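# Topology and contacts: notes
Residues per chain are reported as follows:
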Amino acid sequence: MNEEQLTRISSGKGFIAALDQSGGSTPKALKAYGIEENSYDTDDAMFNLVHEMRSRIIKSPAFNSYHILGAILFEGTMERDIDGISTADYLWNEKGILSFLKIDKGLAEEANGVQLLKPIPDLEELLQKANHYHIFGTKERSLIKLANPTGIKEVVEQQFDLAKKVAKAGLVPIIEPEVDIHSPEKEAAETILKEEILKQLATLDADTKVMLKLSIPTVDNLYEELANHSHVLRVVALSGGYSREEANELLSRNKQLIASFSRALAEGLTFQQTAEEFNKTLDTSILAIYNASIA
C-alpha cells in the first residue's frame with residue numbers, strides 16, 4: 001500500500017467526491033446535468049456522456065487536491081481515460097487525488113428493515129482489476145430503513161466480511177451502511193448501527209484499516225468514537241438526499257466527519273454552461289463542502 005496515499009487519506013484536509021453513479025442512477029445524473037434521456041439510445045452512449053461529465057468535473061481547476069482527498073469511481077469510469085491517461089492515474093498524477101472503486105452490485109430486496117448487498121460473483125477479478133488500474137480503495141453500499149437489530153447486524157456483518165476480503169487484496173475498503181434519512185426510526189437505527197460497527201471493528205487484524213461512510217447522524221457527534229478508533233482511517237458522511245446547503249449545515253455540526261457527496265457536489269452544473277460558468281459553479285460547491293468538512 002502506498003504510504004504517501006495512506007497518510008494523505010488519514011490526516012489530510014478535504015472531502016471525498018462521489019462520482020460513482022451507475023446503472024439506474026445515471027439517467028437521473030445526466031438529466032440534472034441538462035441531458036435528457038432522448039439524447040442517447042444505448043447504454044454505451046449514456047456512459048460515454050456521463051464520463052464526459054465526470055471528466056469535465058475532474059479536469060476543472062476547481063477540482064483540486066487542496067479541497068479534495070479522493071474520488072469514488074464507477075467501474076466504467078475506472079476503465080476509461082482522461083486525456084489518454086487512465087482515470088485513476090490522472091487523478092493521482094495530475095491532481096494528487098486518490099481513487100476509490102464502487103464494487104457493489106446494488107441492493108437486495110428489503111428484509112428485516114434493511115437491504116443487504118447483492119452478491120458480487122466477480123469480486124476477486126474486480127479487486128485484481130482495481131489494483132491493475134492503481135485504485136486506492138473500494139466502496140460498497142447497503143441501506144438501513146428501520147431500527148431492526150437483526151437486520152442491522154446482518155448489514156454490518158456482511159459489510160465487514162467483504163471489507164476483510166478487500167483489505168486482503170491490498171485495498172482500503174469504505175464500508176457504507178447508509179441509514180435512510182427519511183426513516184421514521186433513523187436515530188434509533190444509528191445507535192444500533194454504531195454498536196454493531198464497534199463489535200466488528202474488534203474482529204479486524206491489528207494492521208487492517210477501513211473507512212466508514214455513514215449518513216449524517218441525528219445526534220451530533222454520535223460517530224466521534226468511531227472516528228477515533230485505531231482501525232478507522234476516516235469517517236465520511238453521505239448527503240443521502242439532503243440539499244447541499246442542508247447537508248453542509250448538518251455536517252458542520254459533527255466533529256471529525258468529512259463529506260462524501262455526489263448530488264450535492266454536482267448541484268447546479270449543466271452541460272450548457274460555458275467553461276467559466278461551470279468552473280465557478282463547481283468551485284462554489286466545492287468550497288462550501290470543504291468548509292463544512294473542516295468546520
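That block above? That's the structure.
This report concerns the structure included in the present document. Keep in mind that this is a model prediction, so the values were computed, not measured. (Residues numbered from 1 in each chain as written. Predicted model: local features only at pLDDT ≥ 70, side-chain atom pairs only at ≥ 80, totals over all residues. Heavy atoms only, no water.)

### Digging into the nonpolar core
Ranked by size, the top nonpolar core spans 82 residues in total, and within it Phe15, Phe63, Leu193, Ile197, Leu201 and Leu226 carry the most contacts. Apart from residues no more than four positions distant in its own chain, Phe15 is found in contact with His67, Ile68, Leu69, Gly70, Ile258, Ala259, Leu265, Ile286, Ile289, Tyr290 and Ser293. Counting residues in each nonpolar core, the second largest holds 15 residues, with Ile9, Ile16, Phe100 and Val172 among its members. (Core = buried A, V, L, I, M, F, W, Y, C linked by side-chain atoms within 4.5 Å. Buried < 20%, exposed > 50% of the residue type's maximum accessible area, 1.4 Å probe, protein only. Contact = heavy atoms within 4.5 Å.)

### Some points on the packing of helix H10 (residues 244-252) against helix H12 (residues 275-293)
One way to put it is that H10 packs onto H12 with a least axis distance of 8 Å and a crossing angle of 20°. With respect to H12, the element H10 is oriented roughly parallel. In contact with Arg244, Asn248, Leu251 and Ser252 of H10, H12 contributes Ser285, Ala288, Ile289, Ala292 and Ser293. For the contact of H10 with H12, a count of residues per class yields 4 nonpolar, 4 polar and 1 charged. (Axes fitted to C-alpha atoms, helices over the stretch in contact; angles between N-to-C directions. Helix = DSSP H or I, 4+ residues; strand = E, 2+ residues; numbered from the N terminus. Parallel < 35°, antiparallel > 145°, perpendicular 65-115°, else oblique. Nonpolar A, V, L, I, M, F, W, Y, C, P; charged D, E, K, R; others polar.)

### Comments concerning the packing of aromatic side chains
Applying the stated criterion across every chain, the model contains 4 aromatic pairs. Where Tyr33 meets Phe271, the ring centres are 6.2 Å apart and the plane angle is 75°; that geometry is what we call edge-to-face. On the criterion of sequence distance, the pair formed by Tyr33 in the loop between helix H2 (25-32) and helix H3 (43-59) and Phe271 in the loop between helix H11 (263-266) and H12 is long-range, its members being 238 residues apart. The exposure class assigned to Tyr33 is buried, which follows from its relative accessible area of 4%. Relative accessible area serves as the criterion here: at 47%, Phe271 is assigned to the partly exposed category. Their ring planes at 40° and their centres at 5.7 Å tell us that Tyr66 and Tyr290 sit as a pair that is tilted. Of this pair, Tyr66 sits in the loop between H3 and strand E2 (68-73) while Tyr290 sits in helix H12, and the two are 224 residues apart along the sequence. The ring of Phe278 carries the charged tip of Arg56 above its face, separated from the ring centre by 4.0 Å. (Phe/Tyr/Trp six-rings, centres within 6.5 Å; stacked < 30°, edge-to-face > 60°. Lys NZ or Arg CZ within 6 Å of the ring centre and 35° of its normal.)

Read these as layout, nothing more, since geometry by itself doesn't imply function.
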